[in-house]
Amino acid sequence: VQLQASGGGLVQAGASLRLSCAASGRTFSNNGMGWFRQAPGKERELVAGISWNGGFTYYADSVKGRFTISRDRAKSTVYLQMDSLKSEDTAVYYCAAAQGGTYSTNRRLYKYWGQGTQVTVSS
């Protein structure tokens, strides 16, 4: 069972990136999913979450209006569209599958984690 995150990179402030998280080994179509990020010296935080059917989403205040989470259950893939990137968005981004059908801000409730993808935003 694996979650593969991709799409990170080095961009300038104001640019956009789209992260993808593809599942293999099993589907997570009935699980809530989350995108977390961790900057150096900081706690890992949930930036966006989505329920199993996409009906509910969550965004951290710091990314509201700029990031959009979505999922394609048929492709077992979750996306994070990041627009108007800022230098403070620089971090390693991780996707994770929750134990239940919705997301949680508590990272201990996520059973499967991707390997992380680096996002660096230069100002």
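Starting from 1, residues in each chain are numbered consecutively following that chain's sequence as written. pLDDT decides what is reported in this predicted model: residues at 70 or higher carry local features, side-chain atom pairs at 80 or more are listed and counted, and totals for whole chains, interfaces and linings draw on all residues regardless. Each side-chain value is derived from all of the structure's non-hydrogen atoms; neither hydrogens nor water enter the calculation.

Caption draft 1: Quick look at the pattern of salt bridges. We count a salt bridge whenever a side-chain nitrogen from Lys or Arg sits within 4 Å of a carboxyl oxygen from Asp or Glu. Going through the model one piece at a time under the given rule, you end up with five salt bridges. Where Asp89 meets Arg37, a salt bridge forms, and the shortest distance between an N and an O atom there is 2.9 Å. Of this pair, Asp89 sits in the loop between strand S8 (77-82) and strand S9 (91-98) while Arg37 is found in strand S4 (residues 33-38), placing the two residues 52 residues apart along the sequence. Burial status follows relative accessibility: with a 1.4 Å probe on protein chains alone, a residue under 20% of its type maximum counts as buried, one over 50% as exposed, and anything between as partly exposed. Of the residues examined, Asp89 reaches a relative accessible area of 0% and is grouped as buried. For Asp89, the salt bridge is made with Arg66, and the minimal N-O distance between the two is 2.7 Å. Separated by 23 residues along the polypeptide, Asp89 in the loop between S8 and S9 and Arg66 in the loop between strand S6 (57-59) and strand S7 (67-72) bring together distant segments of the chain. The pair formed by Asp89 and Arg66 is uniform in burial state, with each residue classed as buried. Taken together, the salt bridges that share partners define one network made up of Arg37, Glu45, Arg66 and Asp89. Counting from the N terminus, the helices are the DSSP runs of H or I reaching at least four residues and the strands are the DSSP runs of E reaching at least two.

Caption draft 2: Up close: the packing of aromatic side chains. When the centres of two rings from Phe, Tyr and Trp lie within 6.5 Å, Trp using its six-membered ring, the rings pair. Their planes under 30 degrees apart give stacked, over 60 give edge-to-face, and anything left gives tilted. Inspection of the entire model under this criterion finds six aromatic pairs. An aromatic cluster of three or more residues is present, and its members are Phe36, Tyr94, Tyr110 and Trp113. Only lysine NZ and arginine CZ atoms are considered, and such an atom sits over a ring when it is within 6 Å of the ring centre and within 35 degrees of the ring normal. Its guanidinium or amino end placed over the ring of Tyr94, Arg44 lies 3.7 Å from that ring's centre, counting from NZ or CZ.

Caption draft 3: Here's a closer look at the pairing of S4. Among the six residues in S4, five count as buried, and that is most of the element. Whether two strands pair depends on DSSP finding at least two bridges between them. Following S4, the chain reverses through six residues before pairing antiparallel with strand S5 (residues 45-50); Gly41 in that reversal takes a positive phi of roughly 80°. Relative to S9, S4 is paired through six bridges, and the arrangement is antiparallel. Residue pairing across strands places Gln38 opposite Val92, the latter belonging to S9.

Caption draft 4: Seen up close, the sheet that holds S8. Across the sheet, four strands lie side by side as S1-S3-S8-S7; this open sheet has antiparallel pairing. The two strands at the open ends of the sheet, each matched to only one other strand, are strand S1 (2-6) and S7. Across the sheet, the axes of successive neighbouring strands diverge by a mean angle of 15°, strand direction being ignored. Here S1 runs beside strand S3 (residues 17-24); their pairing, made up of five bridges, is antiparallel. Counterpart to Gln2 in the pairing with S3 is Ser24. Note on geometry: axes are C-alpha line fits, over the in-contact stretch for helices, and angles between N-to-C directions span 0 to 180 degrees.

Nothing here speaks to function; it is geometry throughout.
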